[in-house]
Amino acid sequence: MSEYKKYDGVGLAELIQKKEVKAEEVREAAIREIEKKNGALNAVVDKFHKDSEEVAHVQSTGSFAGVPFLTKSINQEVKGRPIRSGSKLLENIKADQDSEFVRQIRNTGVTLLGQTNVPEFALMGITEPAHYGPSRNPWNTDFTPGGSSGGSAAAVASGMVPIAGANDGGGSIRIPAAFCGLFGLKPTRGRTPIGPGRGRVWQGASVDHILSRSVRDSATILDHYQMDRSNAFIAPPFNRSYLEASMTALTSPLKIAFTTDSPIGTSVDQECKEAVHKTIKLLEEMGHTVIEKAAPIDGNRVANSYFMLYFVEVATTLTELEDIIGRKITFTDVEPATWMLNLLGKAVSAEEFLASLKFWDKAAIQMENFHDDYDLYVTPTTAHPPSKIGELDQTPFEKGLIQVVGALKLGGMLKKSGFVEQLANKSLVRTPFTQLANLTGQPAMTLPMHLTKDGLPCGVQVMARRGREDLLLQLAGQLEKTDFWIQVKENPSF
């Protein structure tokens with residue numbers, strides 16, 4: 001089908017249901033797009049389309065029956081396939097069952113065609129794993145598509161598939177969506193499936209969902225999730241339809257707070273500020289009350305708590321992997337940044353980690369109180385447009401220092417040296433806005449509202465009270481109809 005790329009997931013499903021096209025034609029069109037573009041974008045690291053078991057899984061029922069779909073290569077296990085997680089350690093370790101997310105996604109009728117590229121263990125806001133190579137941004141392949149769902153974002157933005165799996169532990173849905181001109185929603189903690197075999201990922205900071213070009217695709221998938229008994233957290237119930245919410249205009253004016261200041265005091269690019277100001281002006285024209293006011297949360301404590309989580313989770317992950325591979329993991333098994341985080345995790349005390357988690361709860365309560373006064377909170381999604389591929393690589397000095405510290409087991413000394421703060425600042429200077437919603441458990445979305453002078457997408461983040469995805473989707477559905485909303489068809493490269 002020659003116009004495959006024009007349709008979102010719902011649109012393709014409607015064509016198939018009306019028998020205007022066959023599901024096999026749609027599948028073949030997606031495979032052609034993947035084969036044609038993946039060499040330049042490196043979005044897909046495992047292709048299923050020749051797998052007889054996956055072909056046998058094709059369904060003829062469901063809201064997305066016959067619609068091509070790619071899973072993200074971390075926490076979205078597909079039975080019989082390796083879940084690489086961006087690491088050479090997991091290259092040949094195959095999943096013994098579908099994750100609950102994949103099981104529920106299959107029930108929508110999608111056709112799984114492969115898994116997408118991620119940074120090692122999904123630890124970066126860019127997707128440049130050493131073992132699998134970088135994914136590239138379809139708008140300009142010299143730039144990153146973001147991370148950690150960068151492979152999924154590149155695949156959707158380039159038209160390989162209309163929807164793809166993603167997860168978000170610190171911005172990993174919203175950052176790549178912002179960089180690639182997509183809609184990206186991080187649902188409320190506990191809203192989406194997470195099992196089996198685990199009740200939380202990153203202490204509840206990480207949730208699974210999708211990346212899409214349209215609001216209705218995201219809303220439709222959200223409608224299909226069922227309560228996962230494995231989940232350690234349960235989101236506030238919503239007994240109506242998210243799809244209907246996305247198609248229902250707001251009838252009452254909202255009170256909206258916004259800021260363009262970085263919560264950690266670092267710079268914000270003028271293009272990212274312009275994206276917000278343009279959106280704020282539009283919201284005012286729609287009749288909403290908009291006030292410039294930052295959330296009452298210590299941004300530096302958010303950043304520190306977020307990195308404390310990184311440290312402990314990476315150390316725990318590598319310890320668990322030692323049981324799986326049957327030997328000790330060494331510096332050469334993982335990337336230098338992963339090894340450094342592992343060392344730091346081993347140097348964190350139980351008291352420090354518990355104090356960090358208590359701050360999450362305090363921040364969540366503060367944001368609940370904030371939303372008593374403001375329905376929504378608007379910020380840039382990122383503080384800067386996409387970086388160039390390789391721009392954020394560690395320097396040879398940094399890599400060498402990590403190796404020396406690792407060999408001498410000086411993680412505690414590294415933690416006290418100030419070196420960590422330097423690397424953390426380097427990591428978050430471009431993406432300081434997204435972590436708050438992960439720690440508080442709130443829903444947050446990024447809207448594709450701006451193109452920079454260099455022709456790169458720039459996103460606007462909107463946060464709501466826990467459980468209010470419907471309000472976010474209502475607003476997104478209205479803004480999607482405006483001239484400011486970036487369309488993938490505007491992409492000159494793909």
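Residues numbered from 1 in each chain as written. Predicted model: local features only at pLDDT ≥ 70, side-chain atom pairs only at ≥ 80, totals over all residues. Heavy atoms only, no water.

Draft legend 1. Region of interest: the overall build of the chain. The helix and strand inventory of the chain stands at 17 helices and 11 strands. Principal-axis analysis of the C-alpha atoms places the extent of the chain at approximately 65 × 55 × 45 Å. Buried positions account for 62% of the 494 residues belonging to the chain. Across the chain, contacts joining residues at least 24 apart in sequence account for 79% of those joining residues at least 6 apart. (Helix = DSSP H or I, 4+ residues; strand = E, 2+ residues; numbered from the N terminus. Buried < 20%, exposed > 50% of the residue type's maximum accessible area, 1.4 Å probe, protein only. Contact = heavy atoms within 4.5 Å.)

Draft legend 2. Representation of the pairing of strand 11 (residues 457-464). A large share of strand 11 lies buried, amounting to 8 of its 8 residues. In strand 11, alternate side chains face the same way, and those of Pro457, Gly459, Gln461 and Met463 on one face and Cys458, Val460, Val462 and Ala464 on the other are all buried. Where strand 9 (residues 376-380) meets strand 11, 5 bridges bridge the pair, whose relative direction is antiparallel. In the strand pairing of strand 11, leucine 376 is matched with alanine 464. By the bridge criterion, 7 bridges tie strand 10 (residues 444-451) to strand 11 in an arrangement that is antiparallel. When the bridges of strand 11 are listed, leucine 451 appears paired with proline 457. (Pairing = 2+ DSSP bridges.)

Draft legend 3. Structural context of the packing of helix 1 (residues 9-17) against helix 7 (residues 215-224). It is at 7 Å that the axes of helix 1 and helix 7 come closest, and there the two elements cross at 75°. One finds that helix 1 runs roughly perpendicular with respect to helix 7. Residues Gly9, Val10, Gly11 and Glu14 of helix 1 pack against Arg216, Asp217 and Thr220 of helix 7. Taken together, the residues that form the contact of helix 1 with helix 7 break down as 1 nonpolar, 3 polar and 3 charged. (Axes fitted to C-alpha atoms, helices over the stretch in contact; angles between N-to-C directions. Parallel < 35°, antiparallel > 145°, perpendicular 65-115°, else oblique. Nonpolar A, V, L, I, M, F, W, Y, C, P; charged D, E, K, R; others polar.)

Draft legend 4. Highlighting helix 10 (residues 299-325). The terminal C-alpha atoms of helix 10, which comprises 27 residues, lie 39 Å apart, in line with the 39 Å expected from a rise of 1.5 Å per residue. Capping of helix 10 at its N-terminal end is provided by aspartate 298; its side-chain oxygen lies 3.0 Å from the backbone amide nitrogen of asparagine 300. Looking one or two residues beyond helix 10, the residue adopting positive phi is glycine 326, at roughly 75°. (Expected span 1.5 Å × (residues − 1). Polar contact = N/O pair within 3.5 Å; in protein donor to acceptor, adjacent residues only side chain to side chain.)

Draft legend 5. Just the pairing of strand 2 (residues 68-72), in detail. Here strand 2 lies mainly inside the structure; 5 of its 5 residues are buried. Covered by surrounding structure in strand 2 are Pro68, Leu70 and Lys72 together with Phe69 and Thr71, the residues of both alternating faces. Relative to strand 3 (residues 111-116), strand 2 is paired through 5 bridges, and the arrangement is parallel. Paired with proline 68 across the strands is threonine 111, a residue of strand 3.

Draft legend 6. Representation of the environment of threonine 452 in the model. Checked against the element boundaries, threonine 452 lands in the loop between strand 10 and strand 11. Looking at threonine 452, the relative accessible area reads 9%, which means it is buried. Spatially, the C-alpha atom of threonine 452 lies 42 Å from that of alanine 347, the residues being 105 residues apart in sequence. If we skip the residues at most four places from it in the chain, threonine 452 touches Glu271, Pro385 and Cys458.

Draft legend 7. Expanded view of the layout of surface pockets. The volume enclosed by the largest pocket comes to roughly 1,100 Å³. Lining of the largest pocket is provided by 39 residues; of these, Asn75, Glu77, Arg198, Thr317 and Glu320 occupy positions nearest its centre. For the lining of the largest pocket, the elements supplying multiple residues, two or more each, are strand 4 (163-168) and helix 10. The residue inventory of the lining of the largest pocket, partitioned by class, reads 15 nonpolar, 14 polar and 10 charged. Looking at the second largest pocket, it is lined by 39 residues, and the ones nearest its centre are Met124, Ile126, Ala337, Leu392 and Ser427. Breaking the lining of the second largest pocket down by element, the ones donating at least two residues are helix 6 (174-180), helix 10, helix 11 (336-346) and helix 15 (419-428). When grouped by side-chain class, the residues that make up the lining of the second largest pocket number 21 nonpolar, 11 polar and 7 charged. (1 Å grid on protein atoms, 1.4 Å probe; cavity = no way out; pocket = protein on both sides within 12 Å on 5 of 7 lines; lining within 4 Å. Points joined across faces, edges and corners; volume = space filled by probe spheres on them.)

Draft legend 8. Molecular detail of the pattern of salt bridges. Under the definition given, this model contains 22 salt bridges. Of the charged contacts in the structure, one is a salt bridge between lysine 328 and glutamate 322, with a shortest N-O distance of 3.9 Å. What makes lysine 328 exposed here is its relative accessible area of 64%. Its relative accessible area of 18% is what places glutamate 322 among the buried residues. With a closest N to O distance of 3.1 Å, glutamate 368 and arginine 465 form a salt bridge. Within this pair, whereas glutamate 368 is found in helix 12 (residues 350-373), its partner arginine 465 is found in the loop between strand 11 and helix 17 (469-479), the two being separated by 97 residues in sequence. Where salt bridges share partners, they join Glu368, Asp372, Arg465 and Arg466 into one cluster. (Salt bridge = Lys/Arg side-chain N within 4 Å of Asp/Glu carboxyl O.)

Draft legend 9. Representation of the side chain of threonine 381 within the structure. Take threonine 381: it is sitting in the loop between strand 9 and helix 13 (396-408). Here the side chain of threonine 381 touches threonine 446 through a polar contact of 2.7 Å, side chain to side chain. Among the polar contacts listed, one links the side chain of threonine 381 to the backbone nitrogen of glutamine 461, at a separation of 3.1 Å. Beyond its immediate chain neighbours, meaning those up to four positions away, threonine 381 contacts Arg174, Ile175, Ala178, Phe433, Thr434, Thr446, Gly459, Val460 and Gln461.

Draft legend 10. Seen up close, the sheet that holds strand 1 (residues 44-47). Spatially, the 11 strands line up as an open sheet ordered 1-3-2-4-6-5-10-11-9-7-8, and their pairing is mixed. The open sheet has two edge strands with one neighbour each: strand 1 and strand 8 (289-292). Mean inter-strand twist for the sheet, computed between neighbouring axes without regard to direction, equals 30°. Sheet topology places strand 1 next to strand 3; 3 bridges connect them, and they run antiparallel. In the sheet register, lysine 47 faces strand 3, and the bridge partner there is glycine 114. Lying over the sheet, helix 12 contacts strand 7 (255-258), strand 9 and strand 11, oriented at roughly 110° with respect to strand 9. Strand contacts of helix 17: strand 5 (183-186), strand 9, strand 10 and strand 11, with the helix running at about 15° to strand 10, the strand carrying the most contacts.

Draft legend 11. Geometry of the nonpolar core. Grouped together as the largest cluster of nonpolar side chains are 86 residues, with contacts concentrated most on Phe183, Leu376, Met445 and Leu447. Residues in contact with methionine 445, not counting those within four places in the same chain, are Arg174, Phe183, Gly184, Leu185, Val460, Gln461, Val462, Leu472, Leu475 and Ala476. By size, the runner-up hydrophobic cluster in this structure holds 48 residues, among which are Leu89, Phe311, Ile402 and Leu436. (Core = buried A, V, L, I, M, F, W, Y, C linked by side-chain atoms within 4.5 Å.)

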